[in-house]
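Next come the chains, spelled out residue by residue.
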Amino acid sequence: MNVRVLLTRPWIWGFAAAALVWVAILAISGQGGGQTVSLALSLAPYLVVVGLGQMLVITAGPGNIDVSVASVISLAGFVSVAAAASTGSVVLGVGAGVAAGIAVAAVSTVAILGLSVPPIIATLASGLVASSATLSLAGGFTAVPDPGLRELLNLRPAGVPLFAVAVAAVTAAVVAVLRRTVYGRSLIAVGQNRRAAERAGIPVRRVIAATYLASGALAGLTGSLLATYIAPTADLGTRYLLDSVAVVVIGGTLISGGRAVPTGVWGAALFFILLDGLVNLVGWSTAAQNLLKGGLVLLVLFLAGGGARTPGTSLPSLRRRRRPAAADTTTPGETTDG
Amino acid sequence: MADLTRAPALSPALPTALPTRAELRRAAPAAVSAVAMAVMVAVCASLQPDVLTVPGLSLVLSATVPLVIAAQAQMTLMSVGDIDLGIGAFVGLVTVIAATSLVSSPVTGALILLGLVAAYTVLGVLVHLRRVPSLIATLGASFVWMGLGLSVLPTPGGTTPAWLAAFGAWQPAGFPAPLLPILLVAALVYLLACRSGAGVRMRALGSNPVALQRAGLSPLAARAVAYTATGALGVLSGLVLASQTGGGDVSSASSYTLMTVAAVILGGGSFRGGAAVPWGVAIGGVTLGLVSVVLSLLDVPTALQSAVQGVIVLAVLAGRVVVGKVLR
């Protein structure tokens, strides 16, 4: 029964790990459990937003990954702060950050669809271009983030960060898009079996382009807000590359594509943020922080596994891991919807 | 260049001889990278004629050696259809061990390095038994490597053992020293991945795991061998890097993680697994390493260097697409 529940709800592992870390924090500090959650809720949304973009990309099928998010976050941070300072409008600033993300993603998209470059290389290359732009901007950068937006991001009525609520709404919107819209159904169909989706008349290239642009936009949004919340620096996004991929997969999204679990991104992001909190609380070094993070990621991963391993069934399930649609009967339904 | 000059000579046989065309198609990506490499050497030589002398070539090539070896490690893992996102941190960790334990007590240091290779084997076994994606497992492992490296050596430093430093400073007359490790490692990987039974099983695991199992062979053993080889090559890459930098720094190779993937793709490898292209990877890795040399010779501003690097990678791959279409 228990195993069944865990298997049907792939997002449970992230939340379980987060709860475990939270209990550990409670046990060590002995007080302020609610405060810890409140703090985690104000930091996790940034990781969630970039993670949602990464999730969409990974859902698009084997090989799809966006490794440009780190550079995009750093670039968008500078662009949005500069734009907000020069125009005086916060909305324009955030818009400029998002636009920067979309511009970088457009380079990746052209390379992926036009030149048939593998996505990891295409986004690596566009990320390199973005980091060059960041370095050019960073020299002699004086603009300061908008204090009004920073206050808004820090707003915590009754301990619940307003920003977290907003990002929860965004997550709900992503769930709705994936379940209810033609784009969402098409994306899942493409992720399960690209060729079948093509045969069913789904505009695969358009779906993939939209997915990378969405990831770029979400990373740009993260960068704009993060730069306002902290400060624009050239390595603002560095940790978000590995973290964004990790939260997506710990959250239960299939790395081989075709199954997206937006809720799981929240659980895994909370897990990561609480883990940072725990390490800071204990006063461990960066070394121990990395060791703990890596060890726990591996532990959760190996415990969750690719499903229960029963002798004799390993071969079909190995195939399923690689090509989900090969053993999945849901594809025809998915494609007729799209 | 050799591949390219051979290509036109073989082309008349294209319509009839299928194996030749397949062979040609397989060699095409590496040939395109070889052209890019030749162009880059030519640009270097036109800017600075000394590049073509033995010491010049040694200088230009030496920086690419650790990257090329790490790329061979990445290629080994990609041949079974996996990917290693922890190789950069792992190479960094090896430089740290080389600059600390290997100096103070060579036996302990050697044992630790062996332990690191064994850790890769265990990682491969776990990835296989728990059927988890290698991408995320190696990502998690990269945090562990980083943490281990930082706990041993929080700030870059240390010294390398005398024999390692001597290897780094070795300057034989007559040929550029860096060519030796590049060719030697490529030959070793070629023997393992393309000529041995273990290599066939590794590639079979990458292209058709079901067939491998039906043939009565163990996919687990094939994956374990691939991960062990990857770990060993990672250790080798770290040792060479330490011999050049003369110290340990866990984040000195962090760019390798993605650069090695790019080198494998430039060399004709693929994410789908089943292909082993050690010679192509050597060419791809040297090409990538030369980019930064060309850029510094051209006086490209530091801020723009990475952008140019990205554009060159895209250009080489675009050239590959064109060649692929011509050959189809």
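Note that the structure is predicted; figures quoted are calculated from it, not measured.

**Examining the overall build of chain B**
Now for step 1: Each helix and strand in chain B was counted, giving 16 helices and 0 strands.
Now for step 2: Relative to the globule expectation of 20 Å for 328 residues, the C-alpha radius of gyration of chain B, 20 Å, shows essentially globular dimensions.
Now for step 3: The principal-axis extents of the C-alpha atoms in chain B amount to approximately 60 × 60 × 35 Å.
Now for step 4: Put simply, chain B has 328 residues, and 54% of those count as buried.
Now for step 5: Pairs at least 24 apart in sequence give 80% of the contacts found in chain B among residues at least 6 apart.

**Quick notes on the overall build of chain A**
Now for step 1: Counting its regular elements, chain A contains 16 helices and 0 strands.
Now for step 2: Put simply, chain A has 338 residues, and 54% of those count as buried.
Now for step 3: Taking the intrachain contacts of chain A between residues at least 6 apart in sequence as the baseline, contacts between residues at least 24 apart amount to 77%.

**Some words on the interface of chain B and chain A**
Now for step 1: Across the contact, 39 residues belong to chain B and 44 residues belong to chain A.
Now for step 2: Broken down by element, the side of chain B that touches chain A gets its largest block of residues, 14 residues, from helix α8 (residues 134–152) of chain B.

**Considering the packing of helix α3 (residues 33–59) of chain A against helix α12 (residues 238–250) of chain A**
Residue and element names in this part refer to chain A.
Now for step 1: Interhelical geometry of α3 versus α12 gives an angle of 65° and a closest axis separation of 8 Å. When the interaxial angle is binned, α3 and α12 end up roughly perpendicular. Between α3 and α12 lies a crossing whose hand is right-handed. Residues Leu47, Val50, Gly51, Gln54, Met55 and Ile58 of α3 lie in contact with α12, whose contacting residues are Tyr240, Asp243, Ser244, Val245, Val247 and Val248.
Now for step 2: A class-by-class count of the residues in the contact of α3 with α12 yields 8 nonpolar, 3 polar and 1 charged.

**Focus on the nonpolar core**
Now for step 1: Membership of the largest hydrophobic core comes to 225 residues, with the highest contact counts inside it found for Ile121 and Ala269 of chain A together with Ala262 of chain B.
Now for step 2: Top element by residues in this core is α3 of chain A. It accounts for 14 residues.
Now for step 3: For Ile121 of chain A, the residues in contact, after removing those within four places along its chain, are Val261, Ala262, Ile265, Val313 and Leu317 of chain B.

**Thoughts on the packing of helix α4 (residues 69–87) of chain A against α12 of chain A**
Residues and elements named next belong to chain A.
Now for step 1: Between α4 and α12, whose axes approach to 7 Å, the crossing angle comes to 135°. When the axis of α4 is compared with that of α12, the two are oblique. Regarding α4 and α12, the two cross each other, and that crossing is right-handed. Residues Val69, Ala70 and Ile73 of α4 touch α12, and the partners they reach there are Thr238, Tyr240, Leu241 and Ser244.

**Section: the confidence of the model for chain B**
Now for step 1: Within chain B, residue pLDDT values average 85, and 94% of them lie at 70 or more.
Now for step 2: Here the predicted complex scores 0.80 on pTM and 0.80 on ipTM.

**A look at helix α13 (residues 262–282) of chain A**
Residues and elements named next belong to chain A.
Now for step 1: For α13, built from 21 residues, the straight-helix expectation of 30 Å at 1.5 Å per residue is met to within 8% by its first-to-last C-alpha distance of 31 Å.
Now for step 2: Burial analysis of α13 places 16 of its 21 residues in the buried class, the great majority of the element.
Now for step 3: Gly283 sits one or two residues past α13 and shows a positive phi near 80°.

**Here we look at helix α11 (residues 204–229) of chain A**
Now for step 1: When the terminal C-alpha atoms of α11 of chain A are compared, their 37 Å separation across 26 residues agrees well with the 38 Å that a helix rising 1.5 Å per residue should span.
Now for step 2: In terms of residue burial, α11 of chain A counts as a mostly covered element, since 20 of its 26 residues are buried.

**A word on the environment of Gly267 of chain B**
All names here are of chain B.
Now for step 1: Mapped onto the elements, Gly267 comes out in the loop between α14 (256–266) and α15 (278–297).
Now for step 2: Taking the C-alpha atoms as reference points, Gly267 and Leu239, 28 residues apart in sequence, are found 24 Å from one another.
Now for step 3: Ignoring sequence-local partners within four residues, the contact set of Gly267 consists of Pro29, Ala30, Ser33, Val277, Gly280, Val281, Ile283 and Gly284.

**Here we look at the environment of Phe302 of chain A**
Now for step 1: Among the structural elements, Phe302 of chain A can be located in helix α14 (residues 286–304).
Now for step 2: By the C-beta count within 10 Å, which is 17 here, Phe302 of chain A ends up partly exposed.

**Thoughts on unusual backbone geometry**
Residues and elements named next belong to chain B.
Now for step 1: Phi is positive for Arg131, close to 50°, though the residue is something other than glycine.
Now for step 2: Assessed through the 16 C-beta atoms surrounding it within 10 Å, Arg131 is described here as partly exposed.
Now for step 3: Located in the positive-phi region is Asp299, a residue other than glycine, with phi close to 60°.
Now for step 4: Tracing the backbone through its elements, the reader meets Asp299 in the loop between α15 and α16 (302–327).

**Quick notes on the confidence of the model for chain A**
Residue and element names in this part refer to chain A.
Now for step 1: Across chain A, the average pLDDT comes to 82, with 87% of residues at or above 70.
Now for step 2: Least confident of the elements in chain A is helix α16 (residues 331–337), whose mean pLDDT is 35; most confident is α11, at 94.
Now for step 3: The low-confidence segment residues 307–338 (pLDDT under 50) makes 51 contacts with residues lying over four places distant or belonging to another chain.

**Some words on the environment of Val300 of chain A**
Residue and element names in this part refer to chain A.
Now for step 1: In this fold, Val300 is placed in helix α14.
Now for step 2: Judged by C-beta crowding, with 21 C-beta atoms within 10 Å, Val300 ranks as buried.
Now for step 3: In this structure the C-alpha to C-alpha distance between Val300 and Gly63, which are 237 residues apart in sequence, comes to 23 Å.
Now for step 4: Discounting residues that sit within four places of it in the chain, Val300 has contacts with Trp13, Ala17 and Ile250.

Cut-offs and rules
Residues take numbers from 1 onward in each chain, read along the sequence in its written order. Written order decides the labels, with chains lettered from A and ligands numbered from 1. A pLDDT threshold of at least 70 governs which residues receive local features in this predicted model, and a stricter bar of 80 or more applies before side-chain atom pairs are shown or counted, although totals over entire chains, interfaces and linings include all residues. Secondary structure elements follow DSSP: runs of H or I of four or more residues count as helices, runs of E of two or more count as strands, with numbering from the N terminus. Note that the radius of gyration is over C-alpha atoms, with the globule rule given as 2.2 Å times the number of residues to the power 0.38. Counting other C-beta atoms within 10 Å of each residue's C-beta, where C-beta atoms are placed from the backbone, gives the exposure class: buried for 20 or more, exposed for 12 or fewer, partly exposed between. We call two residues in contact if the C-beta atoms placed from their backbones are at most 7 Å apart. Helix axes are fitted to C-alpha atoms over the stretch in contact, other axes to C-alpha atoms as well, and angles between N-to-C directions run from 0 to 180 degrees. Should an angle lie under 35 degrees it is considered roughly parallel, over 145 roughly antiparallel, and from 65 to 115 roughly perpendicular; all remaining angles are considered oblique. Helix crossings get a hand from a simple test, with the near helix turned counterclockwise from the far one by less than a right angle marking a left-handed crossing and a clockwise turn marking a right-handed one. Throughout, the ten residues Ala, Val, Leu, Ile, Met, Phe, Trp, Tyr, Cys and Pro are labelled nonpolar, Asp, Glu, Lys and Arg are labelled charged, and all others, Gly among them, are labelled polar. Note on definitions: a nonpolar core is a set of buried residues drawn from Ala, Val, Leu, Ile, Met, Phe, Trp, Tyr and Cys, linked by C-beta atoms within 7 Å. Scored between 0 and 100, pLDDT is the confidence that the predictor attaches to each residue. Here, expected helix span is obtained from the residue count minus one, scaled by 1.5 Å.

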